[in-house]
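# Structure at a glance
Each chain is listed here by its residues.
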Amino acid sequence: MGRIHELNSVLADQIAAGEVIERPASIVKELVENSIDAHSRRVDVIVENSGLDSIRVIDDGDGIEPDDVKLAFTRHATSKINDRKDLFRVQTMGFRGEALPSIASVADVQLTTSQEGHDSGVMIHIKGGEVLTHKPAAARRGTDVRVTDLFFNTPARLKYLKSPQTELMRITDVINRLALANPAIAFSFTHNGKELFRSAGNDNLQQVIAAIYGIQAGRKMLPIAGEDDDFKVDGFVSLPELTRSSRQYITITINHRYVRNFELTKAIIKGYESKLMVGRYPIAVINIDLDPVLVDVNVHPAKREVRLSKEAQLTMLISQTIRKRIAQENLIPSLDGDEFGPEVTEDDVADLNRRLNEATTTYDVHNETPVIETHSAGADTIDSELSEPVIIHTTSELTSDNMHEFDERYKDEGPALPFGEEVTVKVDSKPENLELDVQDKSDQDQGRFPNLQYIGQLQGTFLLAQAGDGLYIVDQHAAQERINYERYRKEIGQVSDDQQTFLVPLVLNYSTVDAMNINNHIDILESVGLHLESFGQNSFLLRSHPTWFTEGQEEDTAKEMIDWLIKDGKLTVQEFRMKTAIMMSCKRAIKANHHLDEREAKALLERLPKCENPFNCPHGRPVTVHFNDRDLEKMFKRIQESHVPYADDFDDHDF
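How each quantity is defined
- Residues numbered from 1 in each chain as written.
- Predicted model: local features only at pLDDT ≥ 70, side-chain atom pairs only at ≥ 80, totals over all residues.
- Heavy atoms only, no water.
- Helix = DSSP H or I, 4+ residues; strand = E, 2+ residues; numbered from the N terminus.
- Buried < 20%, exposed > 50% of the residue type's maximum accessible area, 1.4 Å probe, protein only.
- Contact = heavy atoms within 4.5 Å.
- pLDDT = per-residue confidence, 0-100.
- Core = buried A, V, L, I, M, F, W, Y, C linked by side-chain atoms within 4.5 Å.

### Here's the deal with the side chain of Asn182
As for its placement among the helices and strands, Asn182 is situated in the loop between helix H6 (164-181) and strand S7 (186-191). What makes Asn182 buried here is its relative accessible area of 10%. Excluding residues within four positions of it along the chain, Asn182 makes contact with Ile36, Phe187 and His256.

### Quick notes on unusual backbone geometry
Of note, the phi angle at Phe151 is positive, near 60°, even though the residue is not glycine. In this structure, Phe151 sits in the loop between strand S6 (142-148) and helix H5 (155-159). Judged by its relative accessible area of 0%, Phe151 is buried. You will see that Lys310, though not glycine, has its phi angle at about 55°, which is positive. Looking at where Lys310 falls in the secondary structure, it is placed in the loop between strand S17 (307-308) and helix H10 (311-326).

### Describing the confidence of the model for the protein chain
Caution is warranted with low-pLDDT regions, since their predicted coordinates should not be read in detail. Put simply, the protein chain has an average pLDDT of 75, and 70% of its residues get 70 or more. Confidence drops under pLDDT 50 across residues 337-345; counting only partners more than four residues distant or on other chains, this segment forms 23 contacts.

### Observations regarding the nonpolar core
Among the nonpolar cores identified, the biggest contains 54 residues, and Val32, Val45, Val147, Phe187 and Phe189 are the most heavily contacted of them. In contact with Phe187, other than residues within four places in its own chain, are Val32, Ile36, Val43, Leu178, Ala179, Asn182, Phe197, Arg198 and Ser199. Grouped together as the second largest cluster of nonpolar side chains are 53 residues, Ile268, Leu276, Cys611 and Cys617 included.

### As for the side chain of Asn613
Mapped onto the secondary structure, Asn613 falls in the loop between helix H18 (598-607) and strand S27 (624-628). Among the residues examined, Asn613 registers a relative accessible area of 5% and is labelled buried. Setting aside residues no more than four positions away along its own chain, Asn613 makes contact with Lys275, Leu331, Arg482 and Glu486.

Set out below in structure tokens:
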């Protein structure tokens, strides 16, 4: 008798579940995506104990035909594709028919569904792949799925789950991404009876961003839109001043499906050019509409990764769209004067704290995002793999320093608060009350760059200047670095025949691998005026250098440029020229603690506005910071509780 045999369907489903159902967040993702495919307008997710005890997803979608309910739990049973051609034109979230049977094979699943026009619905109860109940049931339109006893029959998988806080954060991240991808759907997420997230479903993406990342973040998002013959790109990107320490705050969707794609992420960052600080990344939510034939979503079991046709064309479109949009903005950061708010009486503080006692949802008021309540947790509960950090809940009361800002400025904006503490706020559960005012504009001068009048120099490092809208502090090194960069970028891009000859030719020796790399990309070096001659097996001769090299640093500069090429052989000519321009601009910029006379300082301030981007240096640091008149008045308490000038109330004094 042969040893090869066919596995029974339950075991086959359990094997498949290992690829599709990795953790509670996987179940949430699959069930919510089914709800989206069913044309739902509202989806409610309710979990207990981070999904380990119970996961429930309720929608108001199309529902399932009574005759199809049992078949839906059969592996590879789907209503979304019919033949091979459909596989390459997928326009739904799911299509393989694996999610429901995989979930049912490792958990206890109860599904109730009903369609519009039917007198009753259907309920089916499956545990471990075996049907326990299948009968008619009273139900409203839509589908209600409840999953319990996760991995009851595969206990080894339970050992590999992270802490409850980590699993909850993963579920939260999944719901956030789905809400960002589908702003026209109203999502709610409740954990252990506490609502952690809700979106209005009014198709306003900026409001969804504000609900997830905070109102202040929502206000600093810029709408973008661009298209060509094959792609249409739209969404929001943050101003360069609003950044995070990881790329995880970048959300990319293709035909409203959340995907991960390293090249597209790089294209978003590249669109900022030198406006981002090193090691900092923007918040971005970008959707790409394209013909489904241009994307293959069938390359990963969880459908997180995709393969794109014409990827180079798409990345260029994304970068150019972001670059053009950011170029329109005034990028001078202003002092946030909120911390200098008017004093508030203790009675006012007590009154607000009394109103905050009925708490339903916890928020981190510094980032204005929902947080997880854990009454006893230490640093070891934070999972290094998380896309966002676990925020440990500590209840704190408002003080007289921050209460006024919440009570007055934020009274109409829902739960988001302005300070770096956590407080508990009651949230109205009606989605129509979730409209967030994210369109407010500051009173900063909308001119792109002000006409600065020099006042003086501070500590040999900063220039003090004024304009009609307040005080400006200019970092002299960053300012000259920006001016130099734009000059060098032009000079390096227009390589001339002007060369300075070395008195003694420079001999450069490299390993065999490095020498091969240099030979393969020698045209890139020539594009910036470095003409290398072969000189032996692994050596090169450099007889001259471009005249724009810094005197005394010619050899070091040439070697550094060649090292870039060795380190990253994929550098394009444009990227190589940009890196060279940044290096040269930094080498020739004035340093800190260098005192300028009045003529030199004024000349620097006169040249700065003529730059294409006068707001930050090539490394992303701000060139100048703005203190408007209101900021200055609040710092000196010239604006009091009544919001009238100091002189109007206090100039009748005896001192």
